[in-house]
Amino acid sequence: DFTNYSVFSLWDTYRAAHPLYALMDRKRTLDYIKTFLAQYQQGGRLPVWELAGNETDCMIGFHSVSVIADALVKGISGFNVKLALEAMLNSATWNGFGLPAFNKNGFISMEDEPENVSRTLEYAYDDWCIAAFAKYTGRADVYNDYIQKAQYYKNIFHPKSAFAQPRKNGNWFTPFDPRE
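A brief structural summary. Computed from a predicted model, the values in this text were never measured in an experiment.

**Quick word on the overall build of the protein chain**
Thought 1: When helices and strands are counted, the protein chain shows eight helices and six strands.
Thought 2: Mapped in sequence order, the helices and strands of the protein chain form the string α-α-α-β-β-α-α-α-α-α-β-β-β-β.
Thought 3: Against the 2.2 N^0.38 benchmark of 16 Å for 180 residues, the protein chain shows a C-alpha radius of gyration of 17 Å, consistent with a compact globule.
Thought 4: In terms of principal-axis extent, the alpha carbons of the protein chain reach across some 55 × 35 × 30 Å.
Thought 5: Expressed as a percentage of its 180 residues, the buried residues of the protein chain come to 46%.
Thought 6: For the protein chain, the exposed surface amounts to about 9,400 Å²; the carbon and sulfur share of it is 54%.
Thought 7: Here the protein chain carries 18 positive and 20 negative side-chain charges, and the mean point of each set is 5 Å from the other.

**Quick look at the packing of aromatic side chains**
Thought 1: Applying the stated criterion across every chain, the model contains ten aromatic pairs.
Thought 2: Here tyrosine 21 and tyrosine 32 contribute two aromatic rings whose centre-to-centre distance is 6.0 Å and whose plane-to-plane angle is 5°, an arrangement assigned as stacked. In this pair, tyrosine 21 is assigned in helix H2 (residues 17–24) and tyrosine 32 in helix H3 (residues 26–43), connecting sequence segments eleven residues apart.
Thought 3: The class of tyrosine 32 is buried, set by a relative accessible area of 10%.
Thought 4: In this structure an aromatic cluster arises from ring pairing among Tyr5, Phe8, Tyr21, Tyr32 and Phe36.
Thought 5: The ring of phenylalanine 107 has arginine 167 sitting right over it, with the charged end atom 4.7 Å from the ring centre.

**Some details on the pattern of salt bridges**
Thought 1: Here the structure, examined in full by the defined rule, presents ten salt bridges.
Thought 2: Between lysine 149 and aspartate 127 there is a salt bridge, with the nearest N and O atoms lying 3.3 Å from each other. With a gap of 22 residues between them, lysine 149 in helix H8 (residues 140–149) and aspartate 127 in helix H7 (residues 116–136) connect regions that are remote in the sequence.
Thought 3: Here aspartate 127 falls in the buried class, since its relative accessible area comes to 1%.
Thought 4: Counted as one network, the salt bridges with shared partners bring together Glu113, Glu115 and Arg119.

**Description of the state of the cysteines**
Thought 1: By the definition in use, this model includes zero disulfides.
Thought 2: Cysteine 58 provides the cysteine sulfur closest to cysteine 129, a residue in no disulfide bond, and the two sulfurs are 20 Å apart.
Thought 3: On the accessibility criterion, cysteine 129 (3% relative accessible area) is buried.

About the thresholds
Residues numbered from 1 in each chain as written. Predicted model: local features only at pLDDT ≥ 70, side-chain atom pairs only at ≥ 80, totals over all residues. Heavy atoms only, no water. Helix = DSSP H or I, 4+ residues; strand = E, 2+ residues; numbered from the N terminus. Rg over C-alpha atoms; globule rule 2.2 N^0.38 Å. Buried < 20%, exposed > 50% of the residue type's maximum accessible area, 1.4 Å probe, protein only. Areas by Shrake-Rupley, 256 points an atom, 1.4 Å probe, with all protein chains shown as cover. Lys, Arg positive; Asp, Glu negative; His and termini not counted. Charge placed at Lys NZ, Arg CZ, Asp CG, Glu CD. Phe/Tyr/Trp six-rings, centres within 6.5 Å; stacked < 30°, edge-to-face > 60°. Lys NZ or Arg CZ within 6 Å of the ring centre and 35° of its normal. Salt bridge = Lys/Arg side-chain N within 4 Å of Asp/Glu carboxyl O. Disulfide = S-S within 2.5 Å.

Put into structure tokens, the structure is as follows:
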């Protein structure tokens, strides 16, 4: 009952292209969401960076959650909201890409995963999107958990350098050069 889409880089499109689609092409946005949910049902999590029918995992975050949340608050319906929330929660607790450390420690350390600062920031944003979606759908329990997780970005903000900064063994990584 939908057009299945392929070859989309959510990491490149979730910030501007998909929010624009939600305003200009509601039917296509709904088809994107149904595509994401079909991919979740087939592979156990929402797409990260799908290419030609295959998940590449070549980018960070799980930004299909922001596309789905944005569409819902803009009044796009016609998709299974319960399944969407299930897919969001499964994607946020996936056992890979630094998510276990993020969920346990509130940040990703250098010894946990490459791109640890970026991953921490992206996961915190995605968790904020899950919180917003949960609040909008009346799931206060999920909202309360994920609005707290959305604050994890603060765990890598170093007050002395005023930058998001890597952590190693629980401490701030030094020497730190924000240009690297």
